[in-house]
Amino acid sequence: AQTVTQSQPEMSVQEAETVTLSCTYDTSESDYYLFWYKQPPSRQMILVIRQEAYKQQNATENRFSVNFQKAAKSFSLKISDSQLGDAAMYFCAYFAADSNYQLIWGAGTKLIIKP
Amino acid sequence: DVKVTQSSRYLVKRTGEKVFLECVQDMDHENMFWYRQDPGLGLRLIYFSYDVKMKEKGDIPEGYSVSREKKERFSLILESASTNQTSMYLCASSGLAGVKDTQYFGPGTRLTVL
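Remember, it's a predicted structure, so these values are computed and weren't measured experimentally.

Caption draft 1: The arrangement of the sheet that holds strand S8 (residues 73–78) of chain B in detail. Residue and element names in this part refer to chain B. Strand order in the open sheet made by the 4 strands is S1-S3-S8-S7, with antiparallel pairing throughout. On the outer flanks of this sheet lie strand S1 (4–6) and strand S7 (64–70), each paired with one strand and no other. In this sheet, neighbouring strand axes are inclined to one another by 20 degrees on average, regardless of whether the strands run parallel or antiparallel. Two elements, S7 and S8, share 5 bridges in a ladder whose sense is antiparallel. Bridging from a neighbouring strand, Lys70 pairs with Arg73 of S8.

Caption draft 2: Quick peek at the pattern of salt bridges. The final tally for this structure, using the stated rule, is 9 salt bridges over all chains. A salt bridge links Lys55 of chain A to Glu52 of chain A, with the nearest nitrogen and oxygen atoms 3.6 Å apart. For Lys55 of chain A, a relative accessible area of 40% corresponds to the partly exposed category. Close ionic contact of Asp86 of chain A with Arg63 of chain A constitutes a salt bridge, the shortest N to O distance being 2.8 Å. You can see Asp86 of chain A sitting in the loop between strand S9 (74–79) and strand S10 (88–95) and its partner Arg63 of chain A sitting in the loop between strand S7 (60–61) and strand S8 (64–69), a full 23 residues away along the chain. Each member of the salt-bridge network shares a partner with another, and the members are Asp28, Glu30 and Lys71 of chain B.

Caption draft 3: Expanded view of the side chain of Ser74 of chain A. Following the sequence through the fold, Ser74 of chain A ends up in strand S9. The residues touching Ser74 of chain A, leaving out its near neighbours within four places in the chain, are Cys23, Thr24, Tyr25, Asn67, Phe68 and Gln69 of chain A.

Caption draft 4: Fine view of the nonpolar core. Residues and elements named next belong to chain A. Core analysis: the largest hydrophobic core is formed by 27 residues, its most contacted members being Trp36, Leu77 and Tyr90. Contributions of two or more residues to this core are made by strand S3 (19–21), strand S5 (33–39), strand S6 (46–52), S8, S9, S10 and strand S12 (109–114). Those residues in contact with Tyr90 that lie beyond four places of it in its chain are Gln6, Leu21, Trp36, Tyr37, Lys38, Val48, Phe64, Leu77, Ile79, Gly108, Thr109 and Leu111.

Caption draft 5: Inspection of unusual backbone geometry at higher detail. The phi angle at Ser42 of chain A is positive, at roughly 60 degrees, despite the residue not being glycine. On the accessibility criterion, Ser42 of chain A (60% relative accessible area) is exposed.

Caption draft 6: The arrangement of the pairing of S9 of chain A in detail. Residues and elements named next belong to chain A. With 5 of 6 residues buried, S9 is to be regarded as a mostly interior element. Two strands pair when backbone bridges link them, and S3 and S9 are joined in this way by 3 bridges, in the antiparallel orientation. Along S9, the bridge assignment pairs Val19 with Ile79. Examined bridge by bridge, S8 and S9 share 6 bridges and lie antiparallel to one another. When the bridges of S9 are listed, Phe64 appears paired with Ile79. Between S8 and S9, which follow one another and run antiparallel, lie 4 residues, and Lys73 among them has a positive phi close to 55 degrees.

Rules behind the numbers
Positions within a chain are numbered from 1, following the residues in the order the chain's sequence is written. For this description, chains carry letters from A and ligands carry numbers from 1, given in the order in which they are written. A pLDDT threshold of at least 70 governs which residues receive local features in this predicted model, and a stricter bar of 80 or more applies before side-chain atom pairs are shown or counted, although totals over entire chains, interfaces and linings include all residues. Excluding hydrogens and water, the side-chain values take into account all heavy atoms of the structure. Pairing between strands is defined by DSSP: at least two bridges between them are needed. Counting from the N terminus, the helices are DSSP H or I runs at least four residues long and the strands are E runs at least two residues long. Convention adopted: a line fitted to C-alpha atoms gives each axis, helices being fitted over their contacting stretch, and angles between N-to-C directions are expressed from 0 to 180 degrees. Any carboxyl oxygen of Asp or Glu that lies within 4 Å of a side-chain nitrogen of Lys or Arg is treated as forming a salt bridge with it. Accessibility here uses a 1.4 Å probe with only protein chains present; expressed as a share of the type maximum, an area under 20% marks a residue as buried, one over 50% as exposed, and anything in between as partly exposed. Only heavy atoms enter the contact rule, under which two residues are in contact if any of them lie within 4.5 Å. Buried Ala, Val, Leu, Ile, Met, Phe, Trp, Tyr and Cys residues form a nonpolar core when they are joined through side-chain atoms within 4.5 Å.

This is how it looks when you write it as structure tokens:
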């Protein structure tokens, strides 16, 4: 079965610094999609960033960027200039034909921002 | 802005009760999803629907059923609630591109079964 692994249950970072959240996945597909979702405390889950596997360029959204290493099956999220509002659970997710057309989710990483 | 609403934020029910969780989206999305979220397990798909009156089982459908009579509304039903169904339930919707499209989530319902 396809799996998505987030090896860091919890991370903390000082405000204004940079933090990287890791995600690895298992697949034999060549075409797939990867996602990072953010779930702030008591608020709705929202999409942070999406990467299509066939695209060489790493996706970027403002302070959020990914390091997509296809051969290593790694999809890490870098948050630059961390802000208090970045405190949340972050989930990595994978989709492809071999996931039965469902999103496969990691267990999540809780990000704590220290003021 | 896409809005996905869920009928309750918190719900407490007794073992054996029939429980209805409702989800409504206002963006005319074709696809709707029900997930269960438990600490350390991420999100697990219970059921999804790609059209009115259509439904597909996800990874953990046992003990649950769904109903989609109208495009904007997707209901999750626990026929006979059990304590192991105590969890956070998240509803989501997405557009024509399906699962690879952005999913928009509701605020969640935290269900406690006593």
